[in-house]
Amino acid sequence: MPMWLAVLLIILGVVGGAVLGFFGARRYMKNYFRDNPPINEDMLRSMMMQMGQKPSEKKLNQMMASMRQQEGKK
């Protein structure tokens, strides 16, 4: 096998592995965040209480719906 062909195959293997690794990691993280959202209602309630607000269920539901809508747009 010529030397240039061996070098070319190595380079293609590295580039292909990097591309497949990137898309595999991206898919894994999307599934992870869909199954385990970073902010839930309990966290939102505690943040509002720390800011001095008394969170009502209606306000919490509105904020969660807004967050889900923003997540869907991306």
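Q: Would you mind going over the overall build of the protein in detail, with residue names and values included?
A: Regarding its fold elements, the protein presents three helices and zero strands. In the protein, the order of α-helices and β-strands from amino to carboxyl end is α-α-α. For the protein, whose C-alpha radius of gyration is 23 Å, the value lies well above the compact-globule estimate of 11 Å for 74 residues. C-alpha atoms of the protein, sized along the principal axes, occupy 75 × 20 × 15 Å.

Q: Break down the packing of aromatic side chains for me, citing the residues and quoting the values.
A: Summed over the entire model, instances satisfying the criterion amount to three aromatic pairs. Residues Phe22 and Phe23 carry aromatic rings whose centres are separated by 5.1 Å and whose planes lie at 75 degrees to one another, so their mutual orientation is edge-to-face. Seen in terms of ring centroids, Tyr28 and Tyr32 are 6.4 Å apart; in terms of plane orientation they differ by 25 degrees. Their pairing is stacked. Taken as a pair, Tyr28 and Tyr32 lie in helix α1 (residues 3–35) at a separation of four residues, close to a single helical turn. Its relative accessible area of 54% is what places Tyr28 among the exposed residues. A connected cluster of aromatic rings, assembled from ring pairs, spans Tyr28, Tyr32 and Phe33.

Q: Can you lay out helix α2 (residues 41–50) for me, pointing to particular residues and giving the numbers?
A: Residues lying three or four places apart along an α-helix face the same way, a consequence of the helix completing one turn every 3.6 residues. A distance of 3.3 Å separates the backbone nitrogen of Asp42 from a side-chain oxygen at the start of α2, and that oxygen is part of Asn40. Positive phi shows up at Gly52, right after α2, with a value of about 90 degrees.

Q: Go over the environment of Gln53 with me, naming the residues and quoting the values.
A: Following the sequence through the fold, Gln53 ends up in the loop between α2 and α3 (57–73). Note on Gln53: relative accessible area 40%, which makes it partly exposed. As for Gln53 and Leu9, which are separated by 44 residues in sequence, their C-alpha atoms are 61 Å apart.

Q: Outline the layout of surface pockets, listing residues and values.
A: Taken as a whole, the largest pocket holds about 500 Å³ of empty space. The wall of the largest pocket is formed by twelve residues, among which Phe33, Pro37, Pro38, Met67 and Glu71 lie closest to the centre. For the lining of the largest pocket, the secondary structure elements donating two or more residues are α1 and α3. For the lining of the largest pocket, a count of residues per class yields seven nonpolar, no polar and five charged.

Q: Tell me what's going on with a nonpolar patch on the surface, and back it up with residues and numbers.
A: On the surface, Met3, Val7, Ile11, Val15, Val19, Phe22 and Phe23 cluster together to form a nonpolar patch covering roughly 700 Å² of accessible area. Given a relative accessible area of 47%, Ile11 falls into the partly exposed group.

Thresholds applied
Residues numbered from 1 in each chain as written. Predicted model: local features only at pLDDT ≥ 70, side-chain atom pairs only at ≥ 80, totals over all residues. Heavy atoms only, no water. Helix = DSSP H or I, 4+ residues; strand = E, 2+ residues; numbered from the N terminus. Rg over C-alpha atoms; globule rule 2.2 N^0.38 Å. Phe/Tyr/Trp six-rings, centres within 6.5 Å; stacked < 30°, edge-to-face > 60°. Buried < 20%, exposed > 50% of the residue type's maximum accessible area, 1.4 Å probe, protein only. Polar contact = N/O pair within 3.5 Å; in protein donor to acceptor, adjacent residues only side chain to side chain. 1 Å grid on protein atoms, 1.4 Å probe; cavity = no way out; pocket = protein on both sides within 12 Å on 5 of 7 lines; lining within 4 Å. Points joined across faces, edges and corners; volume = space filled by probe spheres on them. Nonpolar A, V, L, I, M, F, W, Y, C, P; charged D, E, K, R; others polar. Patch = residues over 30% accessible without salt bridge, like charges linked within 9 Å, V, L, I, M, F, W, Y side chains within 5 Å. Areas by Shrake-Rupley, 256 points an atom, 1.4 Å probe, with all protein chains shown as cover. Salt bridge = Lys/Arg side-chain N within 4 Å of Asp/Glu carboxyl O.

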